[in-house]
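Each chain, letter by letter, is given below.
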Amino acid sequence: MIIAGFDIATVTGACVLDGTKVLHAEAFRAKGDSDPEIFASWRGWFRSMLLAHEVQEVAIEQPLRTPQINQAKAKKGILELSPKSSMATYLRSYGLRAHAVEICHSINVGCREVNQSTWRAAFTGNGHADKQASFVIAKQLYPKLKSLDAAESIGVAWWLNGELSQIGMKFSEAS
C-alpha cells in the first residue's frame, strides 16, 4: 500500500512510503502572495502528488492550535493564553488543511490527522523532539534528504504506516 505523510504549511513537507521504504520526499513552496494564489498553487500540487504516486492513505499533521499557555508567565504563577503565530498564519494553515481533506475525499483517499507530539513520539521516541531530531532519523531512511519540512513529513508518514499496520492493512515489503 502506498501512503503519504504531509507537514502542511506554505512550505509543505511531503513523503510517499511503500511500507517502510521512502519512495519520494520533498518540500513544496506554494506560489503566490495572496491566500487565493497560494491555495490554488498548493491544491494543484497536492492533488497531482497523490495521483502521480497512486497514494491510497494520507496522514497530515494537525494545524497549530491557536491558544497556547504562556510558559514563561506560567512559571511565575500567571495563567495567560497567547498565540504562537499571527492570525494570518493560523487562517492559512487551517485553509490548507481544509483543502487537503477535501482533495483526499474527492479522489477517494483516506485522510487522517495526527497531533505533532503523537507522530514525533512514534518516529523519534520523544513527543517533544525538535525538527533537527526528526531530520537525523529521516536522513537515515532517505539519505538524499535536504529539507527539515520533508523530514517532518517522513515522520508523519512513518506514524501512519504504524497505525495502518496495527489495524492489519497490508503493505509491500521495502527493498
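Residues numbered from 1 in each chain as written. Predicted model: local features only at pLDDT ≥ 70, side-chain atom pairs only at ≥ 80, totals over all residues. Heavy atoms only, no water.

## Some remarks on the packing of aromatic side chains
We describe a pair of aromatic rings using the distance from one ring centre to the other and the angle between the two ring planes. Per the counting criterion, the structure on display carries eight aromatic pairs. On the basis of an interplanar angle of 55 degrees and a centroid distance of 4.7 Å, the ring pair of F6 and F46 is categorised as tilted. Taken together, the residues F6 in strand β1 (residues 2–7) and F46 in helix α1 (residues 35–52) connect sequence positions 40 residues apart. Ring centres of F28 and W45 lie 4.6 Å apart, and the angle between their planes is 0 degrees; on these two criteria the pair is classed as stacked. Of the two residues, F28 sits in strand β3 (residues 21–29) while W45 sits in helix α1, which places them 17 residues apart along the sequence. (Phe/Tyr/Trp six-rings, centres within 6.5 Å; stacked < 30°, edge-to-face > 60°. Helix = DSSP H or I, 4+ residues; strand = E, 2+ residues; numbered from the N terminus.)

## Remarks on the sheet that holds strand β4 (residues 57–61)
Ordered in space as β3-β2-β1-β4-β7, the five strands form an open sheet in which the pairing is mixed. Of all the strands in the sheet, the pair left with one neighbour each is β3 and β7 (110–114). Averaged over all adjacent pairs, the angle separating strand axes in this sheet is 20 degrees, with direction ignored. Sheet analysis places β4 next to β7, joined by five bridges and oriented parallel. Looking at β7, one finds that E57 is bridged to G110. (Pairing = 2+ DSSP bridges. Axes fitted to C-alpha atoms, helices over the stretch in contact; angles between N-to-C directions.)

## Re the pattern of salt bridges
Taken as a whole and assessed by the stated rule, the structure comprises six salt bridges. For E57, the salt bridge identified is with R112, shortest N-O distance 3.8 Å. With E57 in strand β4 and R112 in strand β7, this residue pair connects regions lying 55 residues apart in the sequence. You can call E57 buried: its relative accessible area is 13%. The class for R112 is partly exposed, based on a relative accessible area of 27%. Between D149 and K131 there is a salt bridge, with the nearest N and O atoms lying 3.7 Å from each other. Residue D149 is located in helix α6 (residues 148–166), and its partner K131 is located in helix α5 (residues 131–141); the two are separated by 18 residues in the primary sequence. Given a relative accessible area of 34%, K131 falls into the partly exposed group. (Salt bridge = Lys/Arg side-chain N within 4 Å of Asp/Glu carboxyl O. Buried < 20%, exposed > 50% of the residue type's maximum accessible area, 1.4 Å probe, protein only.)

In short, the description is geometric, and any link to function would need to be established separately.
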